[in-house]
Structure formats: C-alpha cells, structure tokens
Amino acid sequence: MNNDILVVSNVTGASYVMNEDQIEAAYQYQELKHRVEDAKGHIYDMFNECDCDEEAFKEAHGVTYKEILDCAEDIAEQFLNDYDCNIPEKDEFTFIIWNQMKQLCKAKEAVDA
C-alpha cells in the first residue's frame, strides 16, 4: 500500500509528495511556530500592562521583558504538551508564563547566592 500523498501549497502552488509521517511532522512544526507567536503575544500583553516600561516590567515580574521573551519557544512547547481544551488558552498561557518567570527568578537567585 502506497501512503504517499500529493500536497499542493495554496500559497505558492508548489506540489510535494509526502507520506503521512512527513505531513504530521510538518503540521507539528507549523503548530509550534504558531504557538511561539501566541506566547510572544501573551508576553507582550503583560509588557503592555506595564506601559511597555522595561523597569516597571522587571519590578512587577522579577525578570526583564527580553529574558521572558527568549523563553517563548519553551512556553509554547509546554502549552502544547499540557494542552487541555477545558482551560481557556489565555489562562493557560498566563499560568505557564508566570511559572517560567518564577523559574528564571529562582535561577538568578541561585547564581547570585
């Protein structure tokens, strides 16, 4: 049985022959990219709540905007791994981001000690 599937890009018109495993891998790759952008958006919303003031953000959260933004891929991966359709997306991202900020603060404290 041949599991090859012809996939045609609706953006470029290019066509590819892919098997189901390759399609699943491409889907997961694209889903992670989208969730990284979602994580960045949620982090920016938190930054915006501090009037985009770096010092105010650090005061409120214990880490810089850049430090938590650099964790966007980890946050997105955790979101995907822990996904629960019964929890609102915003709440889940907020929880994961706060947890990541706590971990960063603990790591800083350990280095400073």
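Refer to the structure presented above.
What you see is a predicted model, and the numbers here were worked out from it, not measured in a lab.

**Some words on empty space enclosed by the protein**
Then step 1. Enumeration over the complete set of coordinates arrives at one cavity of 30 Å³ or more.
Then step 2. There is about 30 Å³ of room inside the largest cavity.
Then step 3. Around the largest cavity, the lining residues are Phe79, Tyr83, Asp84, Ile87, Glu89 and Glu92.
Then step 4. Taken together, the residues of the lining of the largest cavity sort by class into three nonpolar, no polar and three charged.

**So, a negative patch on the surface**
Then step 1. Taken together, the side chains of Asp51, Asp53, Glu54, Glu55 and Glu59 define an acidic patch exposed on the protein surface.
Then step 2. Summarising the element assignment, Glu59 is placed in helix α2 (residues 54-61).

How each quantity is defined
- Residues numbered from 1 in each chain as written.
- Predicted model: local features only at pLDDT ≥ 70, side-chain atom pairs only at ≥ 80, totals over all residues.
- Heavy atoms only, no water.
- 1 Å grid on protein atoms, 1.4 Å probe; cavity = no way out; pocket = protein on both sides within 12 Å on 5 of 7 lines; lining within 4 Å.
- Points joined across faces, edges and corners; volume = space filled by probe spheres on them.
- Nonpolar A, V, L, I, M, F, W, Y, C, P; charged D, E, K, R; others polar.
- Patch = residues over 30% accessible without salt bridge, like charges linked within 9 Å, V, L, I, M, F, W, Y side chains within 5 Å.
- Areas by Shrake-Rupley, 256 points an atom, 1.4 Å probe, with all protein chains shown as cover.
- Salt bridge = Lys/Arg side-chain N within 4 Å of Asp/Glu carboxyl O.
- Lys, Arg positive; Asp, Glu negative; His and termini not counted.
- Charge placed at Lys NZ, Arg CZ, Asp CG, Glu CD.
- Helix = DSSP H or I, 4+ residues; strand = E, 2+ residues; numbered from the N terminus.

Any link to function would need more than the numbers given here.
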